[in-house]
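Spelled out from the first residue to the last, the chains are:
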Amino acid sequence: MSYLKFDKNLMINLEQSLTKEMLRTNQAGAYHCSTIVGCNTRKHHGLLVIPIPELGNKSYVLLSSLDETVIQHGAPFNLGIHRYKGGVYSPNGHKYIREYDCETVPRTTYRVGGVILTKEMIFSSQENRIMVRYTLVDAHSATTLRFRPFLAFREANELVIQNTSLNPDYIEANNGVGFCPYKGFPTLYMQLSRKPTWVSEPNWYNNIEYSKDRDRGIPYIEDLWVPGYFEIPIKKGESIIFSAGISEISPRSLSKMYETELASRTRRTSFYNCLKNSAKQFYIKDNDKEFIMSSYPWGSVRARDTFLALPGSTLSIDHTEDFHQIMDTAIKAYEHYMETEELDPRIHGIDLPDIPLWALWAIQQYGKSQGFDKARKRYMPVVSKLLNWILAGGHPNLQVETSGLVSTTGTSTPASWMNSTQAGWPLVPRTGLLVEFNALWYNGLMFGCNLSEGIPEYEKHRESWLTVANQAKTAFITTFLNDYGYLYDYVNGKYSDPAVRPNMAIAIGLDYSPLERRQRKSVLDIVTRELLTPKGLRTLSPKSYGYMPFYIGQPDVRERAYHNGPARPWLFGFYADAYIKVFGMSGVSYIDRMLIGFEDEMSQNCIASISQLYDGNPPFSGHGSISHATNVAEVLRTLRNLKRLNP
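Cut-off values and rules
Residues numbered from 1 in each chain as written. Predicted model: local features only at pLDDT ≥ 70, side-chain atom pairs only at ≥ 80, totals over all residues. Heavy atoms only, no water. Helix = DSSP H or I, 4+ residues; strand = E, 2+ residues; numbered from the N terminus. Rg over C-alpha atoms; globule rule 2.2 N^0.38 Å. Areas by Shrake-Rupley, 256 points an atom, 1.4 Å probe, with all protein chains shown as cover. Lys, Arg positive; Asp, Glu negative; His and termini not counted. Charge placed at Lys NZ, Arg CZ, Asp CG, Glu CD. Core = buried A, V, L, I, M, F, W, Y, C linked by side-chain atoms within 4.5 Å. Buried < 20%, exposed > 50% of the residue type's maximum accessible area, 1.4 Å probe, protein only. Contact = heavy atoms within 4.5 Å. Axes fitted to C-alpha atoms, helices over the stretch in contact; angles between N-to-C directions. Parallel < 35°, antiparallel > 145°, perpendicular 65-115°, else oblique. Left-handed = near helix turned anticlockwise from the far one by under 90°. Nonpolar A, V, L, I, M, F, W, Y, C, P; charged D, E, K, R; others polar. Phe/Tyr/Trp six-rings, centres within 6.5 Å; stacked < 30°, edge-to-face > 60°. Pairing = 2+ DSSP bridges. Expected span 1.5 Å × (residues − 1). Arc of directions from axis to C-beta. Salt bridge = Lys/Arg side-chain N within 4 Å of Asp/Glu carboxyl O.

**Describing the overall build of the protein**
Looking only at helices and strands, the protein has 18 helices and 35 strands in total. Relative to its length of 647 residues, the protein is compact, with a C-alpha radius of gyration of 26 Å against a globular reference of 26 Å. By principal-axis analysis of the C-alpha atoms, the protein measures approximately 85 × 50 × 50 Å. Of the roughly 24800 Å² of accessible surface on the protein, 49% is carried by carbon and sulfur atoms. Once the 69 positive and 65 negative side-chain charges of the protein are each reduced to a mean point, those two points are 5 Å apart.

**Regarding the nonpolar core**
Soluble, globular proteins show a tendency: their nonpolar side chains are buried together. Formed by 197 residues in total, the largest nonpolar core has its most connected members in Met190, Phe242 and Tyr575. With eleven residues, the single largest contributor to this core is helix 10 (residues 435-452). Apart from residues lying up to four places away in sequence, Phe242 is in contact with Leu63, Leu66, Ile130, Met131, Val132, Tyr134, Met190, Gln191, Leu192 and Phe230.

**Digging into unusual backbone geometry**
In this structure, the amide linkage connecting Ser90 to the following residue, Pro91, adopts the cis form with an omega of -15 degrees. Counting through the fold element by element, Pro91 comes out in strand 8 (residues 88-92). At the junction of Pro618 and Pro619, the peptide bond is cis and its omega measures out at 10 degrees in the coordinates. Counting through the fold element by element, Pro619 comes out in the loop between strand 33 (613-614) and strand 34 (622-623). Phi at Asn175 is positive, roughly 60 degrees, even though this residue is not glycine. Examined against the element boundaries, Asn175 turns out to sit in the loop between strand 14 (170-173) and strand 15 (176-179).

**What about the packing of helix 9 (residues 372-391) against helix 10?**
Interaxial distance between helix 9 and helix 10 falls to 9 Å at its minimum, and their mutual angle equals 135 degrees. Relative to helix 10, the element helix 9 lies oblique. With respect to the hand of their crossing, helix 9 and helix 10 are arranged in left-handed fashion. Together, Phe372, Ala375, Arg376, Met380, Val383, Leu387, Ile390 and Leu391 of helix 9 and Trp441, Gly444, Leu445, Phe447, Gly448, Asn450, Leu451 and Ser452 of helix 10 make up the contact between the two elements. Its residues assigned to classes, the contact of helix 9 with helix 10 shows eleven nonpolar, four polar and one charged.

**Here's the deal with the packing of aromatic side chains**
Summed over all chains, the structure comprises 37 aromatic pairs. A centroid spacing of 4.5 Å and a plane angle of 25 degrees characterise the contact between Tyr579 and Tyr590, whose relative ring orientation is stacked. Of this pair, Tyr579 sits in helix 15 (residues 571-583) while Tyr590 sits in helix 16 (residues 588-594), and the two are eleven residues apart along the sequence. Residue classification places Tyr579 among the buried residues on the basis of a relative accessible area of 13%.

**Digging into the sheet that holds strand 1 (residues 5-7)**
Read from one edge of the open sheet, nine strands run 1-9-10-11-12-19-16-15-14, paired in antiparallel fashion. Edge positions in the sheet fall to strand 1 and strand 14, since each has one partner strand and no second. Shown here is a sheet whose adjacent strand axes are inclined to one another by a mean of 15 degrees, direction ignored. In this structure, strand 12 (residues 129-138) lies alongside strand 19 (residues 239-245), joined through seven bridges in antiparallel fashion. Looking across to strand 19, one finds that Val132 is bridged to Phe242. Packing of helix 4 (residues 254-263) onto the sheet brings it into contact with strand 11 (115-123), strand 12, strand 16 (188-192) and strand 19, and relative to strand 12 it is tilted by some 95 degrees.

**Side note on the environment of Met418**
Its place among the elements puts Met418 in the loop between strand 24 (406-407) and strand 25 (421-422). Take Met418: its relative accessible area is 1%, and that puts it in the buried class. On a C-alpha basis, the gap between Met418 and Tyr562 in space is 8.5 Å, while along the polypeptide they are 144 residues apart.

**Side note on the environment of Pro498**
Inspection of the secondary structure assignment puts Pro498 in the loop between strand 29 (495-496) and helix 12 (503-509). Placed eleven residues apart in sequence, Pro498 and Leu487 show a C-alpha to C-alpha distance of 8.1 Å. Leaving out residues up to four positions away in the same chain, Pro498 has contacts with Tyr486 and Tyr488.

**Details of helix 11 (residues 459-480)**
Across its 22 residues, helix 11 extends 31 Å between first and last C-alpha, which sits within 8% of the 32 Å expected from 1.5 Å per residue. By the burial criterion, the buried members of helix 11 are Trp465, Val468, Ala469, Ala472, Ala475, Phe476 and Phe480. One side of helix 11 carries all its buried residues, which in axial view fall inside an arc of 145 degrees. Exposed and facing more than 90 degrees away from the buried side of helix 11 are Lys460, Thr474 and Thr478.

**Notes on the sheet that holds strand 27 (residues 433-434)**
Judged by pairing direction, the sheet is antiparallel, and its three strands sit side by side in the order 27-28-29 without closing on themselves. Of all the strands in the sheet, just strand 27 and strand 29 have a single pairing partner and so form its edges. Where strand 28 (residues 490-492) lies against strand 29, two bridges are found, and the strand directions are antiparallel. Bridge pairing links Asn492 to Tyr495 in strand 29.

**Focus on the pattern of salt bridges**
Charged atoms that come close allow side chains of opposite charge to pair. Applying the stated rule across the entire model yields 36 salt bridges. Glu231 is paired through a salt bridge with Arg146; the nearest N and O atoms lie 2.5 Å apart. With Glu231 in strand 18 (residues 221-234) and Arg146 in strand 13 (residues 143-155), the pair connects residues that are 85 residues apart, well separated along the chain. Residue Lys581 is joined to Asp511 by a salt bridge in which the shortest nitrogen-to-oxygen separation is 3.3 Å. Linking Lys581 in helix 15 with Asp511 in the loop between helix 12 and helix 13 (517-530), this pair joins segments that are 70 residues apart in sequence. Given a relative accessible area of 30%, Lys581 falls into the partly exposed group. On the accessibility criterion, Asp511 (29% relative accessible area) is partly exposed. Shared partners join several salt bridges into a network, and the residues in it are Arg83, Glu209, Arg214 and Asp215.

**Focus on the pairing of strand 6 (residues 75-78)**
As defined by bridge partners, strand 5 (residues 59-72) adjoins strand 6 across four bridges and the pair is classed as antiparallel. Looking at the pairing, Ile71 lines up with Pro76 of strand 6. Connecting strand 5 to the antiparallel partner strand 6 that follows it, the hairpin turn spans two residues, and His73 within it adopts a positive phi of roughly 55 degrees.

**Concerning helix 6 (residues 303-314)**
For the α-helix, the turn length of 3.6 residues means that residues three or four positions removed from each other point alike. Over its twelve residues, helix 6 extends 16 Å from the first C-alpha to the last, a length consistent with the 16 Å expected when each residue adds 1.5 Å. In terms of burial, helix 6 is largely enclosed, as twelve of its twelve residues are buried. Taken residue by residue, helix 6 has Ala303, Arg304, Asp305, Thr306, Phe307, Leu308, Ala309, Leu310, Pro311, Gly312, Ser313 and Thr314 as its buried positions.

The structure is reproduced here in structure tokens:
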């Protein structure tokens, strides 16, 4: 039995099937995303969505969808499905689906009378090309397939309205055609592995509706241009491959390319394998540089997400070389910022004050995974440079106080990961001494001391790091630990923020925590009681003022709720670390049981991945981006830690 298989009863029930989405990427920034029945419910959905650097650092939907029609005895049976204005679905191709399986590649099985047809999709890992393979499993009479492409050619966050600017001309291609409807876009080549007939029949399909966008309170209706259709006969047992890409390809190579890509895929036969595949989908390779995309179907390369996701999405799946390449790319960019204060054009948010603290944490995870001797040899100069730069006041918004603690200003611009804003102002104005900043700072200092031990050239640095660390440890306890047994979220002058937030879980989950075991347990108890859910830690306790558990409604309402209640799965990684540090091996089985909540997500929302955030109250529904790098990475890191502790 397949780990990820959905039968006819679920597929034909749109209330269930439209809530499940599927994502595939190619490590070059391109992606394919839709619901498992093929009905696009977001403007970000598309069969081929690619970055176009010449147009900006964004993704662009070229091919929105491809409607397939089975023709027998002159009778057409359209397998496509779209939602039009007013909630009308047409055609209703989902009623022909008999099974959907995405264990290796997305595979849909259709049955139309005596015809059984399978559709499989796969991305080329070498270029921005989607391939769709159709196989006629059974048929009792002559069968023809018709393919009708729906073109968008727009930025993924925009919509197209019928217009006269469109260029309807096309060029002939080998077994296909090429279109470039608007200036500045690349030509989209649509080809088949065998020569088809192209019928030019240009038309606009108006008022296509995206229900997810409607529910989010953002524009959701557009018009798509359909220039015509391909027709091709197919015999029983035969396979035909449709290709869409921004360069012309030899049709003869499609079959071999498809099989080569298929052989390299990891089968999604377990919770771990699902997350492993999902983690690899965030890799972005650009010549000699490698990055981590923060999320799909929207997202970007972000410094904080990069360092947070790096250990789990590489080391936890034995992709050590990818860790090296991504870390080298990020550190090179950060060192350039340290020297010039210039922002990086590709890695967003590199100037945020906690970036060097998360970089130190990521290197620490490398040492734990690969051995501290390797970490010393490869990253000791970087660790020393980061620590000394912070101590010297190098960062404009991260100051080391006389107490040894670090402070930041976040009143007008968000300084931490809790970065929601309204009218340009932070909704969670964390400023001054932030609890996770200072826990990471102490942890980084102690890690530097550990890593440099026995290396004479770093002895002076080590002494200064240890002195500041000891000061910071004492000040941390007196500053953040309150009489109720938990940690203030931030302290600004005489004000100590009493909101119960998950940042304290980071403080107790680090390898070097300023708190003793008894103090950690006290904080852990409150985190467990007030913040823990089956989908991670709430961003605010239900007992705290302003708790908003549901991430639904208009954009301004969702923005207010963003960091005031919904749960974040990535925080569970630090919670798990803290729990095992407090309870030892007796805590392993508890953490293992808690992971069931994430394994349930493998067949929900984005199949085989984890969404950005979940409601803080039951039923803990997923929201935001459907596949989020830090969430996938931290659950993977927790799985690997449990395996190490209890093989």
